[in-house]
Amino acid sequence: MNACISLSARPVCTLTVIALLTGCSANTPLPPPRSGVEPAVGTGFTLPALLAVPPQADSAASAHDLLDAAWYATFELAPQRTPEAAAPYATCSAYLERAHEQLAPVDESAAAAFMEIAAMCEATALIAQARPAAHSWIGDAAIDEALPVHLPAEFALRVAESGRIPAGDERRWAEVEPDIKGHRLTVDSVRFSHPHGIQEIALVARADFDGDGIEDLLLLSRDYVDAGSYAAFRLFLLTRLENGEPYRTIRLFPRS
Amino acid sequence: MLSAHENAVLMRKLERYEGRVPHMYLDARGYVTVGVGHLLADLAAAQKLAFARANGSAASADDIRGDFESLLTLPGNRLAAYYRPHVRLTLPEQEIDRLTTAHISSFHRELQTIYPGFDGFPTPARLALFDLIFNVGASNLRTAWPSLNAAIRARDWAGAATHSRRAPPVSAQRNQYVRNLFEEAATVTQ
């Protein structure tokens, strides 16, 4: 069936249609096919290091295996609305089953440690269902100091909820934070400094995460403030629909 | 000056939200930390503190170096208990209290600079701002909270309550605690 459906801001074609290269719409031509666009993880994928028994580097542990593997510690988590229903959690699969209840650590000083695990569980669930991309507009785009020009404004560090950039804001990160300065940490991570904090952006994975055949990016933003205890871990699923165009957010963790 | 009551409330709340850890550990950014979120900028800062061995005797500078450098081989942002097997020294309770009091005094000076007239604010508003500055730091509080700061400059405590909410992972309970304090300040000054 030649089905093109519109899902949020992004036209999505079924794999059958992509395979036939019939195109999704006249205004959104598919990028040229790229062979060998296999899913790949980056240094921002830290779940293996958060496990009680990290998998060996040469093991064939799948993302599904990682979801069921025990974390380095058990966390007592409680739903935001029913804190009396606290229970111990030690694996991503157990956490993800109840994540919709907005689970948070009972020990509030464990909030940042748990947020990294929660972000990595969300990432691993996406990686478990990822597939090779048939097409990519990402190509060899670098994770470098120029990222704020390409990433959505939602990347901006906003600890104050009243200053949050709303989903769907069309501006770029560099437009809302023109003073940030980047410093490359590794081949796929960059540290950005600005007057009220530091962000480290790292590649978690790149693959087709939503089944439309087009390559997507999964990035982690580690948010820190100067001389304060606040630390957050945000996960962005992004795509690019045309060559050189800014990235668009498909999904954000934590959801606002 | 903070009253004894304000100081006691602050200590209790900071321990609840930031934790109270008697041994060195790594914070979310991987910095060596001890007590109630007291960051140790370098080895020399750690060696100025009165760490003790398991038998209660005073730790030497080399003992402290051992713990400090052992932590630097580990990943940051784990539960504090994760680091316990990798260190041998602890900080006595009274030393943790002394550090926390010094930390509170340091933030008090920052708050007086950011908010002229801070010492005349209602007690609940002062406690709310202490919680915020411990968590987000002086520079973020000064530059990234325009709506909150405008309300505070206007002594509009109800407005401050509205704009005091922090993003995750700050818990709903901690946000509500600060909101309640500002709302209490609004009723105190009516």
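Scoring rules and cut-offs
- Residues numbered from 1 in each chain as written.
- Chains lettered and ligands numbered in written order.
- Predicted model: local features only at pLDDT ≥ 70, side-chain atom pairs only at ≥ 80, totals over all residues.
- Heavy atoms only, no water.
- Salt bridge = Lys/Arg side-chain N within 4 Å of Asp/Glu carboxyl O.
- Buried < 20%, exposed > 50% of the residue type's maximum accessible area, 1.4 Å probe, protein only.
- Helix = DSSP H or I, 4+ residues; strand = E, 2+ residues; numbered from the N terminus.
- Contact = heavy atoms within 4.5 Å.
- Core = buried A, V, L, I, M, F, W, Y, C linked by side-chain atoms within 4.5 Å.

On to the pattern of salt bridges, then. Should their charged atoms come close, side chains of opposite charge can pair. Residue and element names in this part refer to chain B. Tallied over the full model, the rule gives 21 salt bridges over all chains. R20 is the partner of E15 in a salt bridge, and the nearest nitrogen-oxygen pair spans 2.7 Å. Judged by relative accessible area, which is 28%, E15 ranks as partly exposed. On the accessibility criterion, R20 (25% relative accessible area) is partly exposed. Between D63 and R88 there is a salt bridge, with its nearest N and O atoms 3.9 Å apart. A residue pair is termed long-range when its members are at least 10 positions apart, and D63 in helix α3 (residues 61-71) and R88 in the loop between α4 (80-83) and α5 (93-114) qualify at 25 residues. Of the residues examined, R88 reaches a relative accessible area of 54% and is grouped as exposed.

Next up on the list: the environment of Q47 of chain B. Residues and elements named next belong to chain B. Mapped onto the fold, Q47 is located in helix α2 (residues 43-47). Under the relative-accessibility criterion, Q47 is labelled partly exposed at 29%. Between the alpha carbons of Q47 and D63 there is a distance of 9.1 Å; along the sequence they are 16 residues apart. Apart from residues no more than four positions distant in its own chain, Q47 is found in contact with A61, I64 and R65.

Okay, the nonpolar core next. Ranked by internal contacts, the top residues of the largest apolar core, which has 114 residues, are W71, F75, Y95 and V204 of chain A together with M24 and F182 of chain B. Take this core: its biggest share by element is twelve residues, from helix α4 (residues 111-128) of chain A. For W71 of chain A, the contacting residues outside a window of four places in its chain are L50, L51, A52, Y89, A90, T91, C92, Y95, F114, I117 and C121 of chain A. Grouped together as the second largest cluster of nonpolar side chains are 21 residues, V176, L203, L238 and L252 of chain A included.

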